[in-house]
Every structure is written in C-alpha cells, then in structure tokens.
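Overview (structure and organization)
Residue-level listing of the chains:
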Amino acid sequence: MKPQLALMFNALIWGLSWWPFRQFQALGLHPLWTTVALYLLSLLVLSASQPQAWRELARTPALWLVTLAAGMTNTAFNWGVATGDVVRVVLLFYLMPLWAVLLARLILGERLTALAGLRMALALGGAAIVLAPEGGGLPLPAGLSDWLGLAGGFTFALNNVMLRRQSASNGPAACALAMFAGGVGVAGTAAALLAGASVISWPGLPGAIWLLPLAGMALLFFLSNLSLQYGAGRLPANVTAIIMLTEVPVAALSALWLGGGQLDVKTALGGVCILAAALLAALERKASAA
C-alpha cells in the first residue's frame, strides 16, 4: 500500500468518525464510553504483541504526559464532534499550529521565526472569526463543544511535541502504548466520574447485536492507527501534515450532507485562515528539513 493512501485512509476514518459516535450516543452509549471501547482493542493487541512496552512506559515519566495528552485529545475531540457542530469543532481543533509554536518554544526551546509568527497570527485571526458572536461581542467559545474542540487541539499539539521530544529515547511501541492507554484511561475515568455524578449514563446498548458494529468501529480505528504509523514513517513530516489536513474537508462535507454542522461565510473565512496556518506549519517543516 502506498503511504499516501494509508494517510488518506486515516484522515477519512477520523473525518467521518463523528457520525458513528452520534449513532451510538442515540442508542445510549455516550461518546466517552465509545472512546474507551475503541481504544481498548488497540491497547490489548499492542500489549499482547509488545509486552516490554509496558516496562518502558512505566520507567519513563515523560511518556506519562503523552498518555495524559493523548487521552485528553481523544476524549475532547470525540465528545465534541458527537455533541456539537462538527465543522466548528474540527476547525477549532486544527488550531494546533498555534499551540505547537508556543509549546515547542516552551518544551523544546525552538526559536520563534517570522513564519511561526505569521501562522500564529493566522490561527488566532481564524479562531476569532469562527468564535465571533453574530450580534457582536468578544470571540469566546459558545458552548461545551467549542471548548472541547479547543482543548483537543491544544492537547494534541502537546502530544505531538512530547513525541518529538521522546523520539530519540523511546521506541515506537512504548509511544503508541502511551497513546492507547491514554485513550482508555482518561476517557474511562472521565466517563466514570460523570456517570457517578449522574451527568451521563452508565454504558448500555439496546441489545448485544450492537456490539458487532461497535467491534467493527474499533477495528477501523485500529487499522487507521496502523495506517498513520505506516504512512508517517515513510513520508516527510510536511507531506504527512498536508495529507492529514484532508480530515477537515471530509468532516465538513459529511457534516453538511448528513446534518451534523453548518457552514456560513464567517465560519468559512475563519476556516481558511486556520487551514492556511496549518499549511504554513507544513511548509516550515519542509524548509527546516532542507
């Protein structure tokens, strides 16, 4: 399989993931519980095939931060797209270039370049346009789903920066295990706490037959993760970043078609700014590599 196709498959799965999350929620399974089920399969497979990764994870505190960041990313993103306007949540999630600049400066000591400043300005401007209220006022998140989109993008940027920091000292199996464990642990903890407080319901489906599509979705997510690792390991980082951006139009078009979101002029303009910032980030990686 060509690595480009593998990355496009990953972007397709994530871009369409909002729809099955909403279907399971309508059946009584909150997105947090669905997230636990999806990542449990990947966690079990990796644990069985790479048991030594647990020892590496246990003795590497920096990977614990990866676990937390990856878990919060999946928890926030999956919850956000399942309950809010998919277009807004995905666009706010892709403010990653803004957070990545700040976190890379703080954690990796990378200097702030003129191009980094430009993409920060584009990302901030795009976010302000997307979040601007119709009647005027401060561009603040309008509800829980907006906050989840922002939080998911920030923690995903933190996850990526930490993985770059640890790539020289930790193997891919331990890094992948940290991310899968985070998806299960953080989402499961949040779900249990909210269910205990009667904010959401405990997991349940109308019948055992619904475990089959849930298992199928878990398999697709497992394959999408393998595809991401396969493609990202064989292509330059800037090419990977550009191909992964196809998740945005996939999510937006599917949401508009299936009634999961809306796209007005304001959101479209803000989205163009945010995507331009992401493309600049990919170009900056190419320039750095050269």
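Our subject in this report is the structure included herewith.

Rules and cut-offs
Residues numbered from 1 in each chain as written. Predicted model: local features only at pLDDT ≥ 70, side-chain atom pairs only at ≥ 80, totals over all residues. Heavy atoms only, no water. Helix = DSSP H or I, 4+ residues; strand = E, 2+ residues; numbered from the N terminus. Rg over C-alpha atoms; globule rule 2.2 N^0.38 Å. Buried < 20%, exposed > 50% of the residue type's maximum accessible area, 1.4 Å probe, protein only. Contact = heavy atoms within 4.5 Å. Areas by Shrake-Rupley, 256 points an atom, 1.4 Å probe, with all protein chains shown as cover. Lys, Arg positive; Asp, Glu negative; His and termini not counted. Charge placed at Lys NZ, Arg CZ, Asp CG, Glu CD. Phe/Tyr/Trp six-rings, centres within 6.5 Å; stacked < 30°, edge-to-face > 60°. Salt bridge = Lys/Arg side-chain N within 4 Å of Asp/Glu carboxyl O. Polar contact = N/O pair within 3.5 Å; in protein donor to acceptor, adjacent residues only side chain to side chain.

**Section: the overall build of the protein**
When you go through the protein residue by residue, the secondary structure sums to 14 helices and zero strands. The globule rule puts the C-alpha radius of gyration for 290 residues at 19 Å, and the 19 Å found for the protein is close to it. If one aligns the C-alpha atoms of the protein with their principal axes, the spans along those axes are about 55 × 50 × 40 Å. For the protein, the proportion of its 290 residues judged to be buried stands at 49%. Contacts in the protein between residues far apart in sequence, at least 24 positions, make up 86% of those at least 6 positions apart. Looking at the protein as shown, the accessible area adds up to about 13500 Å², and 72% of this sits on carbon and sulfur atoms. A distance of 12 Å separates the average location of the 14 positive side-chain charges in the protein from that of its 8 negative side-chain charges.

**Comments concerning the packing of aromatic side chains**
Inspection of the entire model under this criterion finds 10 aromatic pairs. Ring geometry for Trp-14 and Phe-77: centres 5.8 Å apart, planes at 65 degrees, overall edge-to-face. Pair noted here: Trp-14 is in helix H1 (residues 3-16) and Phe-77 is in helix H5 (residues 61-83), with a separation of 63 residues, a long-range link. In this structure Trp-14 comes out as buried when scored by relative accessible area, which is 13%. You can call Phe-77 buried: its relative accessible area is 3%. Aromatic ring contacts, followed pair by pair, group Trp-14, Phe-21, Tyr-39, Phe-77, Phe-93, Tyr-94, Phe-156, Phe-180 and Phe-221 into a single cluster.

**A short note on the pattern of salt bridges**
Within the structure shown, the criterion is met by one salt bridge. When the shortest N-O distance is used, the salt bridge between Arg-88 and Asp-146 registers 2.4 Å. Remark: Asp-146 occurs in helix H9 (residues 144-166) and Arg-88 occurs in helix H6 (residues 86-93); sequence separation between them is 58 residues. Across the pair, Asp-146 and Arg-88 agree in class, each one buried.

**Quick look at the side chain of Thr-267**
Within the element layout of this structure, Thr-267 appears in helix H14 (residues 265-289). With relative accessibility at 4%, the residue Thr-267 sits in the buried group. Within the structure, Thr-267 has its side chain in polar contact with the side chain of Asp-264 (distance 2.7 Å).

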